[in-house]
Protein chains: 2
Amino acid sequence: MKKRPAVTIDNFDLKILQLVQVDNMMPQRVIAERIGLSPPAVARRLQQLRESGVIRKDIAIVNETAVARPLTIIVHVTTENERLDLLDAMKDRFLRSRQVQQCYYVTGEMDFILIVNVKDMAEYNEMTRELFFEGGNVKSFRTCVSMENVKTNGPIPL
Amino acid sequence: MKKRPAVTIDNFDLKILQLVQVDNMMPQRVIAERIGLSPPAVARRLQQLRESGVIRKDIAIVNETAVARPLTIIVHVTTENERLDLLDAMKDRFLRSRQVQQCYYVTGEMDFILIVNVKDMAEYNEMTRELFFEGGNVKSFRTCVSMENVKTNGPIPL
DNA sequence: AGCAATTCGCAAAAAAATTGCACATCTATA
DNA sequence: TATAGATGTGCAATTTTTTTGCGAATTGCT
C-alpha cells in the first residue's frame, strides 16, 4: 500500500514557520542557528513546507498609502438567492476583482464580507456598480470605511 | 535646505511591487529580465522600497488548516465609550492578541472589525472572555464564522 | 550649455542556497 | 536479535544569488 503524503509537522517546522511568518527574507543560516539545526536541514524543511502547501505563498506587503491607494473598506454583502451556482458565480466575481483583497463567505445574516482597497470613493462607487449592481444576486450591501488599519497580516499563532 | 526623503515611485518600482507582492522569493535576476533592468538596479530599488517603508514587510503565508487552526472568525465590536484613551487601550489589546490577525477601526454603528484565527470554538470563547468581557469598554460584539475563505492576501492593484 | 545629482550596467566579490554523500536514528519484520 | 528500508542530519563542495565598486550615461536645474 502506498503511503499518503503524510504532512507531518514537528517542532522544528513550527519554529521555522513562526520565523518566516514574520520575515521570510531571513537567511536560512540565521533560522538554523536560532532553532538549532544546520542550514541545509532548514532549507530542506522549507522546501517541503512550500511544496506541501503548508506555506501557501511568500509575499511582500506593500504600504497602501505609499502607493496612493489609502482607503480600506469593509463591505457586508447579502445575497438574493443562495443557490449554489449563483453563490459560486459571486465568489468568482469577488475573487477576480482587483480591489477585493479578501473575501469571506460567512454564516449569519450577511453572506459575504469583503475587504477592499481603493484609491478614493469614486473608485469604490464604480466598483460597487460593477460588483453589486451589474453583477446580480446582491440583495443589499453595507459599507464600513476603515479609519485606521490597527493591525494587518498578523501571524497565525503556533 | 535639506531635501526630504522624497519617496518617488516610478513605473519600474510599480512593476517590481506588482511582482514581489505575489512572490517575493522571485530572484532579482528574473525580476530584472521581466521589467527590463539589470539585477543590481532591481536590488537597489528593492532595498530602497524596503527602507522607505513602501514595502512594509516580507512574510510567508501559512495554511491555517495545515497547522490545525482552521477557524476564521469575523467579529464586530461596539464600544461603550469613545474616549480616546479608552479606544487606544482597546486597539492595544487587539493588537497584542495573538488570535487577532487583523483589526480595523471603522465608521458606522460598529467600531471595530476583527479577523480572528482560532483552532476551535473553545479557544474563541476564551478569547472573547479575555478580550471583550474582562478587557472592558465593549458594549456588544457580533460573531460571524467564515465557512470559506474565498480570497485572502490579494495584492494591491498597481 | 554646463554642472550636480542620480541611476545605470558591468564585473568582481561576498553571501546564500543547493547538492552529493556518508553517517545516525527509527521502524517494521524476518 | 538482527537487519533492511526509509528518513533525516551535518559537512563540504558547488551553484546561484545578492551585493559592491566604479566608470559611463542620463536627468534635472540654473
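Note that the structure is predicted; figures quoted are calculated from it, not measured. (Residues numbered from 1 in each chain as written. Chains lettered and ligands numbered in written order. Predicted model: local features only at pLDDT ≥ 70, side-chain atom pairs only at ≥ 80, totals over all residues. Heavy atoms only, no water.)

Quick word on empty space enclosed by the protein
Empty space among the atoms becomes visible once a probe the size of a water molecule is rolled across them.
Next, step 1: Summed over the entire model, instances satisfying the criterion amount to one cavity of 30 Å³ or more.
Next, step 2: By volume, the largest cavity is sized at about 590 Å³.
Next, step 3: Along its surface, the largest cavity is lined by 38 residues, and Gln102, Thr152 and Asn153 of chain A together with Gln102 and Asn153 of chain B are the ones closest to its centre.
Next, step 4: Looking at the lining of the largest cavity, the elements that each hand over two or more residues are strand S1 (55-62), strand S3 (100-106) and strand S4 (112-118) of chain A together with strand S1 (55-62), strand S3 (100-106) and strand S4 (112-118) of chain B.
Next, step 5: Looking at the lining of the largest cavity, its residues break down into 16 nonpolar, 18 polar and four charged. (1 Å grid on protein atoms, 1.4 Å probe; cavity = no way out; pocket = protein on both sides within 12 Å on 5 of 7 lines; lining within 4 Å. Points joined across faces, edges and corners; volume = space filled by probe spheres on them. Helix = DSSP H or I, 4+ residues; strand = E, 2+ residues; numbered from the N terminus. Nonpolar A, V, L, I, M, F, W, Y, C, P; charged D, E, K, R; others polar.)

Re the pattern of salt bridges
Residues and elements named next belong to chain A.
Next, step 1: Summed over the entire model, instances satisfying the criterion amount to 20 salt bridges over all chains.
Next, step 2: Note that Lys119 is salt-bridged to Asp120, the shortest N-O span being 3.9 Å.
Next, step 3: Residue classification places Lys119 among the partly exposed positions, given a relative accessible area of 46%.
Next, step 4: Overlapping salt bridges bring together Asp10, Asp13 and Arg45 as one network. (Salt bridge = Lys/Arg side-chain N within 4 Å of Asp/Glu carboxyl O. Buried < 20%, exposed > 50% of the residue type's maximum accessible area, 1.4 Å probe, protein only.)

Some details on the packing of aromatic side chains
Next, step 1: For the coordinates displayed, the defined rule picks out 10 aromatic pairs over all chains.
Next, step 2: Each ring, one from Phe132 of chain A and one from Phe141 of chain A, has its centre 4.5 Å from the other, and the planes form 40 degrees; the classification is tilted.
Next, step 3: Classification of Phe141 of chain A as partly exposed rests on a relative accessible area of 27%.
Next, step 4: Residues Phe133 of chain B and Phe141 of chain B carry aromatic rings whose centres are separated by 5.9 Å and whose planes lie at 75 degrees to one another, so their mutual orientation is edge-to-face.
Next, step 5: Residue Phe133 of chain B is classed as exposed on the basis of its relative accessible area, which comes to 60%.
Next, step 6: Ring pairing ties together the aromatic residues Phe94, Tyr105, Phe112, Phe132, Phe133 and Phe141 of chain A, which thus form one cluster.
Next, step 7: Taking the ring centre of Phe94 of chain A as reference, the NZ or CZ of Arg93 of chain A above it sits at 5.9 Å. (Phe/Tyr/Trp six-rings, centres within 6.5 Å; stacked < 30°, edge-to-face > 60°. Lys NZ or Arg CZ within 6 Å of the ring centre and 35° of its normal.)

Section: the protein's contact with DNA strand C
Next, step 1: All residues in the neighbourhood of DNA strand C are listed as Pro27, Gln28, Arg29, Pro40 and Arg44 of chain A together with Leu37, Ser38, Pro40, Ala41, Arg44 and Arg45 of chain B.
Next, step 2: Within the backbone of Gln28 of chain A, an N or O atom sits 2.9 Å from a phosphate oxygen of DNA strand C.
Next, step 3: The side chain of Arg29 of chain A places a nitrogen or oxygen atom 3.2 Å from a phosphate oxygen of DNA strand C.
Next, step 4: At the level of secondary structure, the elements contributing two or more residues to the surface near DNA strand C comprise helix H2 (28-35) and helix H3 (39-51) of chain A together with helix H3 (39-51) of chain B.
Next, step 5: When residues of the surface near DNA strand C are assigned to their parent elements, the largest contribution, four residues, is made by H3 of chain B.
Next, step 6: Along the lines of polarity and charge, the residues of the surface near DNA strand C split into five nonpolar, two polar and four charged. (Near = heavy atom within 4 Å. Polar contact = N/O pair within 3.5 Å; in protein donor to acceptor, adjacent residues only side chain to side chain.)

Details of the sheet that holds strand S5 (residues 138-151) of chain B
Next, step 1: Ordered in space as S2(A)-S4(A)-S3(A)-S5(B)-S2(B)-S4(B)-S3(B)-S5(A), the eight strands form a closed barrel in which the pairing is antiparallel. Looking at each pair of strands side by side, their axes are set apart by 35 degrees on average, direction ignored.
Next, step 2: Here strand S2 (residues 71-79) of chain A runs beside strand S5 (residues 138-151) of chain A; their pairing, made up of seven bridges, is antiparallel. In the strand pairing of S5 of chain A, Val77 of chain A is matched with Phe141 of chain A.
Next, step 3: Here helix H5 (residues 121-133) of chain B sits on the sheet and contacts strand S2 (71-79), S3, S4 and S5 of chain B; the angle it forms with S5 of chain B, its principal contact strand, is near 145 degrees. (Pairing = 2+ DSSP bridges. Axes fitted to C-alpha atoms, helices over the stretch in contact; angles between N-to-C directions. Contact = heavy atoms within 4.5 Å.)

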